[in-house]
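Residues per chain are reported as follows:
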Amino acid sequence: KGAKKQVIIGITGKYVSIRDSYASILNALEHCEGNLGVRIGVKWIDTTELEKKGPGAVVGELSGVDGIIVPGGFGSRGTAGKIECIKYARENNLPYFGLCYGFQLALIEFARNVCGLSDANSTEIDPSTIYPVVDLLPEQLKKEGFGGNMRLGGREVELKKDSLASKIYGDTKAFERFRHRFECNPEYIFAFEEKGLVFSGKAPNQPIMQVLELPTHKFFLGTQFHPEFTSRPLAPNPLFKAFIEACLKKPA
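About the criteria used
Residues numbered from 1 in each chain as written. Predicted model: local features only at pLDDT ≥ 70, side-chain atom pairs only at ≥ 80, totals over all residues. Heavy atoms only, no water. Buried < 20%, exposed > 50% of the residue type's maximum accessible area, 1.4 Å probe, protein only. Helix = DSSP H or I, 4+ residues; strand = E, 2+ residues; numbered from the N terminus. Pairing = 2+ DSSP bridges. Polar contact = N/O pair within 3.5 Å; in protein donor to acceptor, adjacent residues only side chain to side chain. Contact = heavy atoms within 4.5 Å. Axes fitted to C-alpha atoms, helices over the stretch in contact; angles between N-to-C directions. Parallel < 35°, antiparallel > 145°, perpendicular 65-115°, else oblique. Left-handed = near helix turned anticlockwise from the far one by under 90°. Nonpolar A, V, L, I, M, F, W, Y, C, P; charged D, E, K, R; others polar. Core = buried A, V, L, I, M, F, W, Y, C linked by side-chain atoms within 4.5 Å. Salt bridge = Lys/Arg side-chain N within 4 Å of Asp/Glu carboxyl O.

Remarks on the pairing of strand β3 (residues 67-70)
Burial along β3 is two-sided: G67 and I69 facing one way and I68 and V70 facing the other are all buried. Where strand β1 (residues 5-13) and β3 come together, three bridges link them in parallel fashion. In the sheet register, G10 faces β3, and the bridge partner there is I68. Relative to strand β4 (residues 96-99), β3 runs parallel, the two sharing three bridges. If you follow I69 over to β4, its bridge partner there is F97.

Considerations on the side chain of T48
Looking at where T48 falls in the secondary structure, it is placed in helix α2 (residues 47-53). You can call T48 buried: its relative accessible area is 15%. Within the structure, the side chain of T48 is placed 3.1 Å from the side chain of R77, a separation counted as a polar contact. Not counting residues within four places of it along the chain, the set of residues in contact with T48 comprises K14, R77 and G78.

A short note on the sheet that holds strand β6 (residues 131-136)
Strand order in the open sheet formed by three strands is β5-β6-β9, with mixed pairing between adjacent strands. At either end of the open sheet lies a strand with only one pairing partner, and these are β5 (120-122) and β9 (182-184). With strand direction ignored, the average angle separating the axes of adjacent strands in the sheet is 30 degrees.

Quick word on the packing of helix α1 (residues 23-36) against helix α8 (residues 238-248)
Taken N-terminus to C-terminus, the directions of α1 and α8 make an angle of 65 degrees; their axes are 9 Å apart at the nearest point. Classed by the angle they form, the pair α1 and α8 counts as roughly perpendicular. As for how α1 packs across α8, the hand of that crossing is right-handed. Of α8, the residues touching α1 (which contributes I25, A28, L29, C32, N35 and L36) are F240, K241, I244 and E245. Of the residues assigned to the contact of α1 with α8, the class counts are seven nonpolar, one polar and two charged.

Here we look at the nonpolar core
Ranked by size, the top nonpolar core spans 39 residues in total, and within it L107, V133, F192 and F199 carry the most contacts. Of all the secondary structure elements, the ones that give two or more residues to this core are α3 (57-61), β3, α4 (79-91), α5 (101-113), β6, β9, α7 (189-194) and β11 (209-213). At eight residues, α5 tops the list of elements feeding residues into this core. In contact with L107, other than residues within four places in its own chain, are V133, V134, C184, F192, L197, F199 and L212. In terms of nonpolar packing, the next biggest core, distinct from the first, is built from 34 residues, A28, A174, L239 and A246 among them.

Observations concerning the pattern of salt bridges
Counted under the stated rule, the structure contains six salt bridges. Between K52 and E49 there is a salt bridge, with the nearest N and O atoms lying 3.2 Å from each other. In this pair, K52 and E49 are both assigned in helix α2, three residues apart and thus about one turn of the helix distant. Residue K52 is classed as exposed on the basis of its relative accessible area of 61%. Residue E49 is classed as partly exposed on the basis of its relative accessible area of 37%. K53 serves as the salt-bridge partner of E61, at 2.6 Å between the closest nitrogen and oxygen. A single salt-bridge network, built from bridges that share partners, covers K87, R90, E91 and E109.

Okay, here's the thing in structure tokens:
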């Protein structure tokens, strides 16, 4: 109640008419309010509708927001709009936080617009893409039915020393919860890193990338896991807290 600061966070998704779809994200933001003494407003951005408005609409949609979150999701609907939002955030130094699908779509945007792979995509969206920068996890490739065989539950994340992620956690290890079937294709890791993208978190002893960041950006970070699931009222998830802190830093 005594908050004297305020930020507006854009949540870009295709389920924005059903707010409960993002309940855990809203809770994680709420946990940051008391901890940081800030009131957090949310601007809902329907990326399916954004696509219908055509090129340039993203500028108006993101006007007035202090940072954006691209949450988890499935399927192709609304992804083009999300990618446009990610591109705008990257090019305009707008704090960006990608969760699960937001991690994967950030890879696609970077591959297309920085690495020069204009047709890059996820095989979930386009199974015949010539640049499958996001593909099924190796253990999924031979499975014919999906069912409950996702990469699920709490797992350890190995963090790169001196990266933004390791500084936020104050450690070179983290333990977070996962829920995904697709991942960064290991064949493209070098191409991403060559252009300045840093993979600051990975699965121990496996080439499964789990955190990405852009060191030159105000705050540009994506996680393959769901940090909102480990946030608590008196202990906000450190990544959410760092994101809101970045959003509070107004342009000079």
